[in-house]
Amino acid sequence: MYSFDEIVPRRGTESVKWDEFGPEVLPMWVADMDFKAAPEILEALQERLDHGVFGYELVPDDYFEAIGRWFGRRHGWAGIGKEQIVPTTGVIPAYSAAIKAMTKPGDKVIVQTPCYNAFFPAIRNNKCEELHNPLRYEKGVFTVDWDDLEAKAADPRATAMLLCNPHNPAGRVWTREELERIGRICLRNGVFVIADEIHCELTYPGHDYTPYATLPQELVKNSVSCISPTKAFNIAGIQIANIFASDPEILKKMDRAINDNECCDVNVFGVAALKAAYNRGEKWLDELREYLYDNYVTVRDFLADELPQITAPPLEGTYLMWLDCRKVRHPEEPEAGFSERLSAHLQKCGLALSTGTIYGAEAEGFERLNIACPRKTLLEGLRRLKDGIQSY
Ligand SMILES: Cc1ncc(COP(=O)(O)O)c(C=O)c1O
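What counts as what
- Residues numbered from 1 in each chain as written.
- Predicted model: local features only at pLDDT ≥ 70, side-chain atom pairs only at ≥ 80, totals over all residues.
- Axes fitted to C-alpha atoms, helices over the stretch in contact; angles between N-to-C directions.
- Helix = DSSP H or I, 4+ residues; strand = E, 2+ residues; numbered from the N terminus.
- Parallel < 35°, antiparallel > 145°, perpendicular 65-115°, else oblique.
- Left-handed = near helix turned anticlockwise from the far one by under 90°.
- Contact = placed C-beta atoms within 7 Å.
- Nonpolar A, V, L, I, M, F, W, Y, C, P; charged D, E, K, R; others polar.
- Expected span 1.5 Å × (residues − 1).
- Buried ≥ 20, exposed ≤ 12 C-beta atoms within 10 Å, placed from the backbone.
- Arc of directions from axis to C-beta.
- Domains from an automatic or database assignment.
- Pairing = 2+ DSSP bridges.
- Near = placed C-beta within 6 Å.
- Core = buried A, V, L, I, M, F, W, Y, C linked by C-beta atoms within 7 Å.

Another point: the packing of helix 4 (residues 91-102) against helix 9 (residues 248-260). One can describe the packing of helix 4 onto helix 9 by two numbers: an axis separation of 8 Å at closest approach and a directional angle of 115°. Looking at the two axes, helix 4 sits roughly perpendicular to helix 9. Note on packing geometry: the crossing formed by helix 4 with helix 9 is right-handed. Each of A97, A98, K100 and A101 in helix 4 lies in contact with helix 9, whose residues at this interface are K253, M254, R256, A257, I258 and D260. Broken down by class, the residue content of the contact of helix 4 with helix 9 amounts to six nonpolar, no polar and four charged.

Written out as structure tokens, the structure reads:
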């Protein structure tokens, strides 16, 4: 049994999450967790540290074997190995390189808003334009707007889609049927799919992750998948990720783009941590998922009982809850800028959330809550949320 109740002080540790705001603010925003990494990973890192030499590292065969075994056993994604993988320093560098490789300046890249905010700069930095396929939000659930996706994919300048599977911040774990339908629309319209699957391990009962790469071959050939253990094992600061492509020609293009962007040499600790996570981290991960699910139920019940004016879609995956705060807005208050004003007010009340509109202008009235912390911290955050909402 692992314990996720331990409070590890992070303030003053150069943490983006904890040191961005003053000491009076409890941070429940940026997507990392307040838990120590699995002891198995810490051991592997200690061993690597004890070696004492940190020169440039060749990515060893057993790194790729660890990835192959993990995804084969755990996710039914068979046969993934060294010949289909390009390692890099993070999932952002991975999908950015994929955009660079598969588009030309002036092209449009489809995103399903609200979407992970760092999708936008990656598209613009590659001199492309965002093309929003806003998710539908009906009866408290996010679904794909299929007619809109058909229309957007048919735009002759749309050449790529940046897909988030599972979806941050909507909390959806896309089903095989949904992914296949997305894939067919993209293939029919010459839109290349870049699947960001960084949240793939963090799914809850009844919602299994479907690797995009396990769809029918013709769809997989029209895609790359960006994967990493960093989100689920809370080692994002170590910076390691992988791009998978089944088509050797596409893999070559990924390798070229990763080299052009000078992010092809990986961190020695990233290699050690990935191997430990995939080879020895399974039990820790499964216990973490149970703990996170209980955190989700705690928040869901708290909202229902104490803050019924705030609702949240069911959390199928990720540890990021998407709070619909639109009923908190005063009737006479303008809609524009509401998320920002609410976030600023909550900060004054000692709680930092992520402002909804950074995930797309469509998200006015929403806030994102990171629930990956010890239960005691979570309850303190909820207390502050209630005070902040009541005094808004
Ligand atoms: C969907 C998604 N992709 C990528 C990242 C960041 O990936 P990395 O830190 O490996 O660059 C995050 C971080 O929250 C994310 O939510």
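Alright, that's what it looks like, and here's the rest.
Take helix 7 (residues 176-188) next. In a regular helix each residue adds 1.5 Å, so 13 residues correspond to 18 Å; helix 7 covers 18 Å between its end C-alpha atoms and thus fits that length. Those residues of helix 7 not exposed but buried are L179, I182, G183, I185 and C186. Buried residues of helix 7, seen end-on, are gathered within an arc of 165° and therefore sit on one face of the element. Residues of helix 7 that are exposed and point more than 90 degrees away from the buried face comprise E177 and R188. Where the residues of helix 7 are buried, they touch helix 6 (146-153), strand 7 (158-164), strand 8 (192-196) and helix 8 (217-221). One or two steps after helix 7, the chain reaches G190, where phi turns positive at roughly 65°.

Below, the discussion takes up the domain arrangement of the chain. The domain architecture assigned to the chain consists of domain 1 (16-39 + 282-390) and domain 2 (53-280). Contacts between domain 1 and domain 2 engage 29 residues on the former and 29 residues on the latter. Among the elements of the structure, helix 11 (282-306), strand 11 (320-324) and strand 14 (366-370) are those that each provide at least two residues to the side of domain 1 that touches domain 2.

What follows deals with the environment of Y293. Take Y293: it is sitting in helix 11. For the pair formed by Y293 and N117, sequence separation is 176 residues and the distance between their alpha carbons is 24 Å.

What holds strands together in a sheet is hydrogen bonding between their backbones, with the strands either parallel or antiparallel. Read from one edge to the other, the open sheet built from seven strands follows the order 2-10-9-8-7-3-4, with strand pairing classed as mixed. Pairing within the sheet leaves two strands with one partner each, and these edge strands are strand 2 (85-88) and strand 4 (129-132). Strand-to-strand twist in this sheet, taken as the mean axis angle between neighbours without regard to direction, amounts to 25°. Looking at chain direction, strand 9 (residues 223-227) and strand 10 (residues 241-244) are connected through three bridges and run antiparallel. For C226, the partnering residue across the bridge sits in strand 10 and is I243. Packing of helix 9 onto the sheet brings it into contact with strand 2, strand 9 and strand 10, and relative to strand 2 it is tilted by some 15°.

A sheet is described by the order of its strands in space; here three strands give the open sequence 11-14-13, paired in antiparallel fashion. Edge positions in the open sheet fall to strand 11 and strand 13 (354-355), since each of these has one partner strand only. Pairing geometry for strand 11 and strand 14, over five bridges, is antiparallel. Looking at strand 14, one finds that L320 is bridged to N370. Across the sheet, helix 12 (residues 338-348) lies against strand 13 and strand 14, angled at about 40° from strand 14, the strand it touches most.

The next subject is the environment of A98. On the secondary structure map, A98 appears in helix 4. Given 31 C-beta atoms within 10 Å, A98 falls into the buried group. In this structure, the C-alpha to C-alpha distance between A98 and C226, residues 128 residues apart in sequence, is 9.1 Å. With residues up to four places along the chain from it excluded, the contact list for A98 reads I194, V224, I243 and M254.

A few words now on the site of the ligand. Near the ligand lie 13 residues; those nearest to it are A31, G90, V91, I92 and Y116. Classifying every residue of the shell around the ligand gives eight nonpolar, four polar and one charged.

The subject of this paragraph is the nonpolar core. Core analysis: the largest hydrophobic core is formed by 129 residues, its most contacted members being A98, I194, C226, M254 and A273. Here the element with the most residues in this core is helix 4; it accounts for nine residues. Both domain 1 (16-39 + 282-390) and domain 2 (53-280) contribute no fewer than three residues apiece to this core. If sequence neighbours within four positions are ignored, I194 has contacts with Y95, A98, I99, A160, M161, L162, L163, V224 and C226.

Take the environment of E197 next. Its place among the elements puts E197 in the loop between strand 8 and helix 8. In this structure the C-alpha to C-alpha distance between E197 and I227, which are 30 residues apart in sequence, comes to 5.3 Å. If we ignore the near neighbours within four places in the chain, the residues touching E197 are N165, P211, Y212, S225, C226 and I227.

Turning our attention to unusual backbone geometry. The omega angle of the peptide bond from T113 to P114 is 0°, so this bond is cis rather than trans. Relative to the elements of secondary structure, P114 occurs in the loop between strand 3 (108-111) and helix 5 (119-125). For the bond running from N165 to P166, omega is -5°, close enough to zero to count as cis. Along the chain, the position of P166 falls in the loop between strand 7 and helix 7. The phi angle at N234 is positive, at roughly 55°, despite the residue not being glycine. Relative to the elements of secondary structure, N234 occurs in the loop between strand 9 and strand 10. The residue E262 is not glycine, and still its phi comes out positive at about 55°.

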